[in-house]
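Coordinate inspection notes
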Amino acid sequence: MENLFELLAKLITVFRLKDWEIQLIFDRSIDNIAQTHLMLNDYIAVIKINSTKSIEEQELSLVHEIIHIVLRNSQQICTDNIENDKVSEILNREVERETEKLAKGVYALIKGGE
C-alpha cells in the first residue's frame, strides 16, 4: 500500500475534501491509534496518527478519521446537542461504531478485498 500521505491524497479526492486543509502528523505520544482536531468553520483538520502502530492500523485509522470529517455535521449536530450524559455517551459510542464499520468497508475497497 502506498504511504499514508498518498492514501490521504486519494481519500481527499474520493470524498471531495479538496476545500479542506488536512494536516497529517505522526505522534508516538497519543493514547489512541489516531485522533482528529477540527476547526469546522475554517475547513481545517489535523489528524494525528500513532506512529507505533502497524501500517495497516495506521491506514485504517486514517480512513476512520477522514470519515469523521465527511460526516462531521450530522455527527456533531447529534452529539453536541444532547444534554443527558447517558444518552450522549450511548450516541457517541454508536457514532464511533458506525464510523468504524464504514472505515473498514472503505479500507477493504482500497485494498482490493471484500
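Refer to the structure presented above.
Everything in this summary refers to the structure shown in the same document.

This part covers the overall build of the protein chain. Per the secondary structure count, the protein chain includes 4 helices and 3 strands. The helix and strand sequence of the protein chain, counted from the amino end, reads α-β-β-β-α-α-α. Here the protein chain has a C-alpha radius of gyration of 14 Å; the compact-globule value for 114 residues is 13 Å, and the two agree. The dimensions of the protein chain, computed from C-alpha atoms along their principal axes, are 45 × 30 × 30 Å.

Hydrogen bonds along the backbone pair up the strands of a sheet, which may run parallel or antiparallel. Strand order across the open sheet formed by 3 strands is E1-E3-E2, with mixed pairing between neighbours. Since the sheet does not close on itself, it has two edges, and those belong to strand E1 (21-26) and strand E2 (34-39), each with one partner. The mean inter-strand angle of the sheet, taken between neighbouring strand axes irrespective of direction, is 15 degrees. Bridging between E2 and strand E3 (residues 44-49) involves 6 bridges; their strand directions are antiparallel. Looking at E3, one finds that Leu 38 is bridged to Ala 45. Strand contacts of helix H1 (residues 4-14): E1 and E3, with the helix running at about 155 degrees to E1, the strand carrying the most contacts. Along the sheet, helix H2 (residues 55-70) contacts E1, E2 and E3; its crossing angle with E3, the most-contacted strand, is approximately 155 degrees.

The next subject is the nonpolar core. The biggest cluster of nonpolar side chains holds 21 residues, and the ones touching the most others in it are Ile 22, Ile 47, Leu 62, Ile 66 and Ile 69. Of all elements in the fold, only H1, E1, E3, H2 and helix H4 (85-111) reach the threshold of two or more residues within this core.

Attention shifts here to the packing of aromatic side chains. For the structure shown, the criterion picks out 2 aromatic pairs. Ring centres of Phe 5 and Phe 26 lie 5.7 Å apart, and the angle between their planes is 75 degrees; on these two criteria the pair is classed as edge-to-face. Of this pair, Phe 5 sits in helix H1 while Phe 26 sits in strand E1; the two residues are 21 residues apart in sequence, bridging distant segments of the chain. For the pair Trp 20 and Tyr 43, a centre-to-centre distance of 5.2 Å together with 75 degrees between the ring planes defines the contact as edge-to-face. Of the two residues, Trp 20 sits in the loop between H1 and E1 while Tyr 43 sits in the loop between E2 and E3, which places them 23 residues apart along the sequence. For Trp 20, a relative accessible area of 7% corresponds to the buried category. With a relative accessible area of 33%, Tyr 43 lands in the partly exposed category.

In a regular helix each residue adds 1.5 Å, so 27 residues correspond to 39 Å; H4 covers 38 Å between its end C-alpha atoms and thus fits that length. Taken as a whole, H4 has its buried residues at Ser 88, Val 95, Thr 99, Ala 103, Tyr 107 and Ala 108. One side-chain oxygen at the N-terminal end of H4 lies 2.9 Å from the backbone nitrogen of Lys 86; it belongs to Asn 84. Of the residues flanking the end of H4, it is Gly 112, one or two places downstream, whose phi is positive at about 85 degrees.

Bringing the side chain of Asn 50 into the picture now. For Asn 50, the location among the structural elements is in the loop between E3 and H2. A polar side-chain atom of Asn 50 sits 3.1 Å from the main-chain carbonyl oxygen of Ile 30. Here the side chain of Asn 50 touches Thr 52 through a polar contact of 2.5 Å, side chain to side chain.

How each quantity is defined
Residues numbered from 1 in each chain as written. Predicted model: local features only at pLDDT ≥ 70, side-chain atom pairs only at ≥ 80, totals over all residues. Heavy atoms only, no water. Helix = DSSP H or I, 4+ residues; strand = E, 2+ residues; numbered from the N terminus. Rg over C-alpha atoms; globule rule 2.2 N^0.38 Å. Pairing = 2+ DSSP bridges. Axes fitted to C-alpha atoms, helices over the stretch in contact; angles between N-to-C directions. Contact = heavy atoms within 4.5 Å. Core = buried A, V, L, I, M, F, W, Y, C linked by side-chain atoms within 4.5 Å. Buried < 20%, exposed > 50% of the residue type's maximum accessible area, 1.4 Å probe, protein only. Phe/Tyr/Trp six-rings, centres within 6.5 Å; stacked < 30°, edge-to-face > 60°. Expected span 1.5 Å × (residues − 1). Polar contact = N/O pair within 3.5 Å; in protein donor to acceptor, adjacent residues only side chain to side chain.

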